[in-house]
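# Examining the three-dimensional arrangement
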Amino acid sequence: MCTIALDPLRWPTGLPEHRAAMRPAGSQQRWPGEEIEMELTLAIRVEDAVKAFGAKTQSPVTRLSGPEMARPRGAVALDRLSLDVRPGEIFGLVGPNGGGKTTLIRLVAAQLAPDAGRVMVFGHDTARDPCAVRAALGRFGPVAPGAGFFQKLSPVENLLYGARQFAARPAETRRQMFAILRRLGLPQAALYRPMEGLSRGTQQKVAIARAFLAEPRLLLLDEPTTGLDPRSRREVQALIRELRDEHGTTVLLTTHDMLEAEQLCDRVAIVDGGRLVALDAPAALKQRLALTAGRPVTLEDVFLALTRQPTLAEETDE
Ligand SMILES: Nc1ncnc2c1ncn2[C@@H]1O[C@H](COP(=O)(O)OP(=O)(O)OP(=O)(O)O)[C@@H](O)[C@H]1O
Ligand SMILES: [Mg+2]
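Our subject in this report is the structure included herewith.

Analysis parameters
- Residues numbered from 1 in each chain as written.
- Chains lettered and ligands numbered in written order.
- Predicted model: local features only at pLDDT ≥ 70, side-chain atom pairs only at ≥ 80, totals over all residues.
- Helix = DSSP H or I, 4+ residues; strand = E, 2+ residues; numbered from the N terminus.
- Buried ≥ 20, exposed ≤ 12 C-beta atoms within 10 Å, placed from the backbone.
- Contact = placed C-beta atoms within 7 Å.
- Pairing = 2+ DSSP bridges.
- Core = buried A, V, L, I, M, F, W, Y, C linked by C-beta atoms within 7 Å.
- Axes fitted to C-alpha atoms, helices over the stretch in contact; angles between N-to-C directions.
- Near = placed C-beta within 6 Å.
- Nonpolar A, V, L, I, M, F, W, Y, C, P; charged D, E, K, R; others polar.
- Left-handed = near helix turned anticlockwise from the far one by under 90°.
- Right-handed = clockwise from strand over helix to strand, strands pointing away.
- Parallel < 35°, antiparallel > 145°, perpendicular 65-115°, else oblique.

### A look at the overall build of the chain
- Helix and strand counts for the chain come out as 12 helices and 9 strands.
- The buried share of the chain, taken over its 318 residues, is 37%.
- Summarising the internal contacts of the chain: among those between residues at least 6 apart in sequence, 74% fall at separations of at least 24.

This is the structure we're talking about:
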């Protein structure tokens, strides 16, 4: 287990990349000590990850004639995507709908296995050692729309049930639970009502509270603030920063809110068509485009400049 908290701003040598470059093409062979080194220096490593869905079934597009016939069957969600996330980093994934963000989060959570390539979480291969990966996630999967809860139970009952899996000091966990729910603006009346009767945004807050209570080493958040009102969104962002600053938690999140990506994330990856099209600190991404454009730009400008409008055929394929 890695206990060393590295300063993300003083990213070290880049040695793992160097070694990967020296490996023969296509070789999965590790150099002696490389896995240990990865565990100490990287929270997540995604290497040439490929994931396709429904490749064996015939999609509507394959029944078309003309140039569309040449398109592969099924959806290629990730297409040889590689990236690293450093310990203690708040890392953002942005990109068009269907770009592959959720698929990447699910690969990192060991909920899906890559068709090719590999995904490492704190040095553990998600395909070979999913239990170690789930432990790093605090035993819960990513916070995502429609997170699993007992719908007949209330938020408090669901959270206390979840907390039984990790709480060493139940009284303290209970106090923290009410503090987080209050900060997220959960109305008192909602605390003891069945989940099934709560609004989508309120259910999302309960999912966020559960993830924070577990204080995971790696927090995966798929569009955590989508559908939340502005005050709640700010509170979630503040909680994410606190968790990182106070517990050294690494955070991988997706968002369609470019301002959120800019203000919250240390680095942002733009993923389009399952490929990585850019990866850097938000300021650096903007600076690069500003040089070409000859004027100040926003992260939304960068997004629009680097991502494509899907074709009609691609939309039909979704
Ligand atoms: N379970 C699945 N079965 C079939 N196709 C899938 C499945 N999950 C994802 N896909 C396809 O994989 C591609 C990537 O989807 P993904 O959900 O990862 O995109 P996304 O970037 O998260 O999009 P959004 O911004 O809309 O959430 C899409 O073409 C999608 O239709
Ligand atoms: Mg998604």
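Next comes the rest of the account.
### Looking at helix α3 (residues 101-108)
- Judged by how many residues are buried, α3 sits mostly within the fold: 7 of 8 residues are covered.
- Buried within α3 are the following residues: K101, T103, L104, I105, R106, L107 and V108.
- Just downstream of α3, A110 is the residue with a positive phi angle, here 65°.

### Observations regarding the environment of T103
- Structurally, T103 can be placed in helix α3.
- Along the sequence, T103 and L78 sit 25 residues apart, while their C-alpha atoms lie 7.4 Å from each other.
- Non-local contacts of T103, meaning those with residues more than four positions away in its chain, are made with K51, A77, L78 and L112.

### Let's talk about the sheet that holds strand β4 (residues 116-121)
- Judged by pairing direction, the sheet is antiparallel, and its 4 strands sit side by side in the order β2-β1-β4-β5 without closing on themselves. Strands with a single pairing partner mark the edges of an open sheet, and in this sheet they are β2 (75-85) and β5 (124-125).
- Across 2 bridges, the pairing between β4 and β5 is antiparallel. Within β5, the residue paired with M120 across the bridge is D125.

### Looking at the nonpolar core
- Residues I44, V108, A209, L220 and L252 are the most contacted members of the largest nonpolar core, which totals 71 residues.
- Ranked by the residues each element gives to this core, the list is headed by helix α7 (residues 200-213), at 7 residues.
- The contacts of V108, once residues within four sequence positions are left out, are I44, V119, V121, T126, L220 and L252.

### With respect to the sheet that holds strand β9 (residues 275-280)
- Strand order across the open sheet formed by 5 strands is β6-β7-β3-β8-β9, with mixed pairing between neighbours. Unpaired on one side and paired on the other, β6 (218-222) and β9 mark the two borders of the sheet. Strand-to-strand twist in this sheet, taken as the mean axis angle between neighbours without regard to direction, amounts to 15°.

### Description of the site of ligand 1
- Taken together, 13 residues form the shell around ligand 1, and within it F53, A77, N97, T102 and T103 come nearest.
- Where the shell around ligand 1 is concerned, the elements lending two or more residues are β2 and α3.
- The element contributing the most residues to the shell around ligand 1 is α3, with 3 residues.
- Looking at the shell around ligand 1 residue by residue, the class counts come to 3 nonpolar, 8 polar and 2 charged.

### Observations regarding the packing of helix α10 (residues 282-293) against helix α11 (residues 299-306)
- One way to put it is that α10 packs onto α11 with a least axis distance of 9 Å and a crossing angle of 65°. Crossing of α10 against α11: the hand is left-handed. Within the contact between the two elements, α10 uses P282, L285, K286 and L289 and α11 uses L299, D301, V302 and A305.
- Residues of the contact of α10 with α11, tallied by class, amount to 6 nonpolar, no polar and 2 charged.

### Examining the pairing of strand β7 (residues 250-254)
- For β7, the tally of buried residues reaches 5 of 5 residues, placing the bulk of the element in the interior.
- On β7, burial covers both faces: T250, L252 and T254 on one face and V251 and L253 on the other are all buried.
- The sheet contact formed by strand β3 (residues 90-94) and β7 spans 4 bridges and is parallel. Residue pairing for β7: F91 is matched across the bridge by L252.
- As paired elements, β6 and β7 share 5 bridges and run parallel to each other. Paired with L218 across the bridge in β7 is T250.
- A crossover connection joins β6 to the parallel β7 through helix α8 (residues 230-247); in handedness this β-α-β unit is right-handed.

### Describing the packing of helix α6 (residues 170-183) against α7
- Two elements in contact, α6 and α7, have axes whose closest approach is 10 Å; the angle formed by their N-to-C orientations is 140°. Classed by the angle they form, the pair α6 and α7 counts as oblique. Where α6 crosses over α7, the handedness of that crossing is right-handed. For the pair formed by α6 and α7, the contact residues are T173, Q176, M177, I180 and L181 on the first element and A209, F212 and L213 on the second.
- For the contact of α6 with α7, the residue count by class is 6 nonpolar, 2 polar and no charged.

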